[in-house]
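Fold and contact review
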Amino acid sequence: MRAAYLDDPFLGTDDESSVARAEAHLRGVIDMLEDLGVVKVTRGRPDPDFSALVRSGALVPFGERQRALLGTDVELLAVTPLGTRPVRELLLSLSRHVPAVGALRDEPAPRR
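Since the model is a prediction, treat every value here as computed from it, not as a measurement. All residue numbers here refer to positions counted from 1 along the written sequence of the relevant chain. For a predicted model such as this one, the threshold for reporting local features is a pLDDT of at least 70, and the threshold for listing and counting side-chain atom pairs is 80 or more; totals across whole chains, interfaces and linings nevertheless cover every residue. Based on all heavy atoms of the structure, the side-chain values leave hydrogens and waters out of the count.

**Quick notes on the overall build of the protein**
Secondary structure elements are taken from DSSP: a helix is a run of H or I of four residues or more, a strand is a run of E of two residues or more, and numbering for both begins at the N terminus. When its secondary structure is counted, the protein shows 5 helices and 2 strands. Each helix and strand of the protein, placed in order from N terminus to C terminus, yields the pattern α-α-β-α-α-β-α. Exposure is judged per residue with a 1.4 Å probe applied to protein chains only, and the accessible area is read against the type maximum: over 50% gives exposed, under 20% gives buried, and values in between give partly exposed. Counting over 112 residues, the protein shows a buried share of 17%. Pairs at least 24 residues apart make up 60% of the contacts formed inside the protein by residues separated by at least 6 positions. With an accessible surface of roughly 8,600 Å², the protein has 59% of that area assigned to carbon and sulfur atoms. Every residue pair with non-hydrogen atoms within 4.5 Å of one another is taken to be in contact. The protein chains shown are the only cover counted for residues, whose accessible areas, like all others here, come from Shrake-Rupley with a 1.4 Å probe.

**Here's the deal with the pattern of salt bridges**
Throughout this description, the term salt bridge denotes a Lys or Arg side-chain nitrogen within 4 Å of a carboxyl oxygen of Asp or Glu. Tallying each qualifying case throughout the model produces 2 salt bridges. Each of the salt bridges in this network shares a partner with another, and the network as a whole consists of Arg27, Asp31 and Glu75.

**Things to note about the side chain of threonine 80**
With respect to the secondary-structure elements, threonine 80 resides in the loop between strand E2 (74-79) and helix H5 (81-93). By the criterion applied in these results, polar contacts are pairs of N or O atoms within 3.5 Å in which, for protein atoms, one can donate a hydrogen and the other can accept it, and in which residues neighboring in sequence qualify only through two side-chain atoms. At a separation of 2.5 Å, a polar atom in the side chain of threonine 80 contacts the main-chain carbonyl oxygen of glycine 37. Those residues in contact with threonine 80 that sit more than four places away from it in its chain are Gly37, Val38, Val39 and Lys40.

**Re helix H3 (residues 48-56)**
Capping of H3 at its N-terminal end is provided by aspartate 47; its side-chain oxygen lies 2.7 Å from the backbone amide nitrogen of aspartate 49. Glycine 57 occupies a position one or two residues after H3 and carries a positive phi of about 85°.

**A closer look at unusual backbone geometry**
For serine 95, which is not glycine, the phi torsion reads 65° and is therefore positive. Take serine 95: it is sitting in the segment after H5.

**Some details on a nonpolar patch on the surface**
Each patch is assembled from residues with relative accessible area greater than 30% and no salt bridge, linking like charges that lie within 9 Å and nonpolar side chains (Val, Leu, Ile, Met, Phe, Trp, Tyr) that lie within 5 Å. Together, Val79, Val87, Leu90, Leu91 and Leu94 give the surface a local cluster of nonpolar side chains, amounting to about 420 Å² of exposed area. Accessibility expressed as a relative area gives 52% for leucine 94, which makes it exposed.

**Brief notes about the environment of arginine 45**
By the secondary structure assignment, arginine 45 is in the loop between strand E1 (39-44) and H3. Remark: the alpha-carbon pair of arginine 45 and leucine 70, spanning 25 residues in sequence, is separated by 7.9 Å.

**What to know about the confidence of the model for the protein**
Parts of the model with low pLDDT should not have their predicted coordinates read in detail. Summing up the model confidence of the protein, the mean pLDDT is 78 and the portion of residues at 70 or higher is 73%. Ranking the helices and strands of the protein by mean pLDDT puts E1 first, with 91, and helix H1 (residues 2-5) last, with 51. The predictor's confidence in any single residue is recorded as pLDDT, a number from 0 to 100.

Written out as structure tokens, the structure reads:
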């Protein structure tokens, strides 16, 4: 987690005490979501698409700290079925097109 935001200018300062506080708050939120069954936390390799975004600098400027995001054993979060509905509702409230599971089964495949 630490590597994901240490160099992020949006978060402001990157002094150790601020980072430690932010990390503790984020850990508390993740633990609460996991306890509620909304997310599942595992460890493993990052998705290749995520790794490509990190390498390109599209997420955050690439630097020494971002290299940690490309490691072979990182913390992974997955939204559980219980968490899917709230995420869908949030996206709908933001005027995003979010069809329900199975809603597009009779639609033709998009053309490229």
